[in-house]
Each structure stands twice: as C-alpha cells, then as structure tokens.
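Each chain, written out:
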Amino acid sequence: ITPSGNVRALKPLWSSIVGSIFMHDFVVTNKYTILYEGSMDIEPVRQIIGRHPLQYNENRIARFGLLPRDEVNSKHGDVVWYDCSSAQSVFHFVNAWEEIDENDNLVIVIIGVREDGFFHNALKAKGARDWIKSATLKQ
C-alpha cells in the first residue's frame with residue numbers, strides 16, 4: 001500500500017503449500033509496511049493426527065521485514081529482513097511509528113501483544129521483555 005492508498009501488484013513471499021509460517025499481523029508506518037515472520041508454523045495436515053495446526057518452532061528465528069512504501073524510489077517486493085535474536089511469537093501488533101534518535105538514525109517503534117500459553121501452549125512464549133530488548137538493540 002503506497003502512502004496515497006494505492007495497492008501495488010501482489011507478489012508471493014513464500015511458496016510452500018504444505019505448511020507455512022503463521023504470519024497473522026503486520027503494521028504500517030508513514031514510510032514502511034512492516035511484516036513479521038514469527039516462530040509459529042501452520043501445517044493443516046497436523047489435524048489429521050489430532051494435533052493443533054499451529055506449533056511453536058524453536059528452530060525458526062523471528063524476523064521483521066521492512067517494505068518501503070515510497071511510490072517513486074522503491075521497487076515492488078523489495079523486502080529487507082532483520083533477524084531477531086531468538087525464536088519468538090507476537091500474536092497482534094497495536095501500533096508502529098518512526099522516530100529519529102539523538103544521532104539522527106531512523107528508529108522504528110513497534111508495539112505488539114504476546115500471550116503465554118496461547119493456542120494450547122503452542123507459543124511457549126518466554127522472556128518477553130528480555131527478548132524485546134535484545135531483538136531491538138541488535139539491529
């Protein structure tokens with residue numbers, strides 16, 4: 001979605017039809033659409049064996065993708081991914097915005113909601129505050 005509200009052509013980011021990442025939410029700032037690829041796998045085939053289709057994957061490092069919304073200077077689909085420090089999951093985002101820090105660096109602030117024990121303990125969330133600090137300070 002461009003700043004003027006136009007929807008660009010759609011481009012798939014993932015190709016697996018058997019299972020995929022549970023990408024449940026995203027946020028938009030003035031300059032970016034921000035994608036979140038957490039540590040949840042969704043595989044509908046798990047239901048055949050009586051398991052919940054959503055499962056927490058300790059081996060999948062969470063990451064954020066920044067997609068520029070500039071209509072003139074960006075190409076569609078140019079997502080820049082930033083790995084977090086560990087596997088984690090955020091279920092919903094509340095808001096996001098851009099700030100300039102004391103060194104004139106762009107800082108993107110993102111507020112999200114996590115819940116321990118969500119989806120029958122599939123998330124196994126742990127150390128939310130420590131994760132937020134370590135994930136944001138490394139980038």
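The preceding data block contains the structure.
All figures in this text were calculated on a predicted structure; none of them were measured in a lab.

### Let's talk about unusual backbone geometry
- Of note in the backbone geometry, Asp104 takes a positive phi value of approximately 65° without being a glycine.
- The exposure class of Asp104 is exposed, given its relative accessible area of 65%.

### Structural notes on the environment of Asp101
- When you line up the elements, Asp101 lands in the loop between strand 8 (92–100) and strand 9 (106–113).
- Judged by its relative accessible area of 23%, Asp101 falls in the partly exposed class.
- Among the polar contacts made by the side chain of Asp101, one reaches the main-chain amide nitrogen of Asn103 at a distance of 2.9 Å.

### Description of the pattern of salt bridges
- This structure, assessed with the given rule, holds three salt bridges.
- Between Glu43 and Arg46 there is a salt bridge, and its shortest N-O distance comes to 3.6 Å.
- Note on Arg46: relative accessible area 10%, which makes it buried.

### Focus: the nonpolar core
- By size, the foremost hydrophobic cluster in this structure holds eleven residues: Val27, Tyr32, Ile34, Tyr36, Ala62, Phe64, Leu66, Cys84, Val90, Phe93 and Ala96.
- Broken down by secondary-structure element, the contributors of at least two residues to this core are strand 3 (32–37), strand 6 (63–68) and strand 8.
- It is strand 3 that contributes the most residues to this core, three residues altogether.
- One finds Phe22, Met40, Tyr56 and Phe91 within the second-largest nonpolar core, a separate group that totals six residues.

### So, the packing of aromatic side chains
- Across all of its chains, the model carries three aromatic pairs by this definition.
- Residues Tyr36 and Phe64 carry aromatic rings whose centres are separated by 5.0 Å and whose planes lie at 50° to one another, so their mutual orientation is tilted. With Tyr36 in strand 3 and Phe64 in strand 6, this pair connects stretches of sequence that are 28 residues apart.
- Overall, Tyr36 belongs to the buried group, its relative accessible area being 4%.
- Exposure remark for Phe64: the relative accessible area of 16% places this residue in the buried category.
- Here the aromatic cluster, defined as three or more aromatic residues joined through ring pairs, consists of Tyr36, Phe64 and Phe93.
- In this structure, Arg63 is placed above the aromatic ring of Trp81, and the distance from its NZ or CZ to the ring centre is 3.9 Å.

### Regarding the side chain of Asp25
- In this fold, Asp25 is placed in the loop between strand 1 (20–21) and strand 2 (26–28).
- Here the side chain of Asp25 touches Phe93 through a polar contact of 2.8 Å, landing on its backbone nitrogen.

### Some details on the sheet that holds strand 1
- Spatially, the three strands line up as an open sheet ordered 1-4-5, and their pairing is antiparallel. A strand with exactly one partner marks an edge of an open sheet, and here the two such strands are strand 1 and strand 5 (54–56).
- Alignment of strand 4 (residues 40–42) against strand 5, held across three bridges, turns out to be antiparallel. Pairing of Asp41 across the sheet is with Gln55, part of strand 5.

### A look at the sheet that holds strand 7 (residues 80–83)
- Reading across from one edge, 2-3-6-7 is the order of the four strands in this open sheet, with antiparallel pairing throughout. Strands at the two margins of the open sheet, each flanked by one partner only, are strand 2 and strand 7. The mean angle between the axes of side-by-side strands here comes to 20°, regardless of whether they run parallel or antiparallel.

What counts as what
- Residues numbered from 1 in each chain as written.
- Predicted model: local features only at pLDDT ≥ 70, side-chain atom pairs only at ≥ 80, totals over all residues.
- Heavy atoms only, no water.
- Buried < 20%, exposed > 50% of the residue type's maximum accessible area, 1.4 Å probe, protein only.
- Helix = DSSP H or I, 4+ residues; strand = E, 2+ residues; numbered from the N terminus.
- Polar contact = N/O pair within 3.5 Å; in protein donor to acceptor, adjacent residues only side chain to side chain.
- Salt bridge = Lys/Arg side-chain N within 4 Å of Asp/Glu carboxyl O.
- Core = buried A, V, L, I, M, F, W, Y, C linked by side-chain atoms within 4.5 Å.
- Phe/Tyr/Trp six-rings, centres within 6.5 Å; stacked < 30°, edge-to-face > 60°.
- Lys NZ or Arg CZ within 6 Å of the ring centre and 35° of its normal.
- Pairing = 2+ DSSP bridges.
- Axes fitted to C-alpha atoms, helices over the stretch in contact; angles between N-to-C directions.

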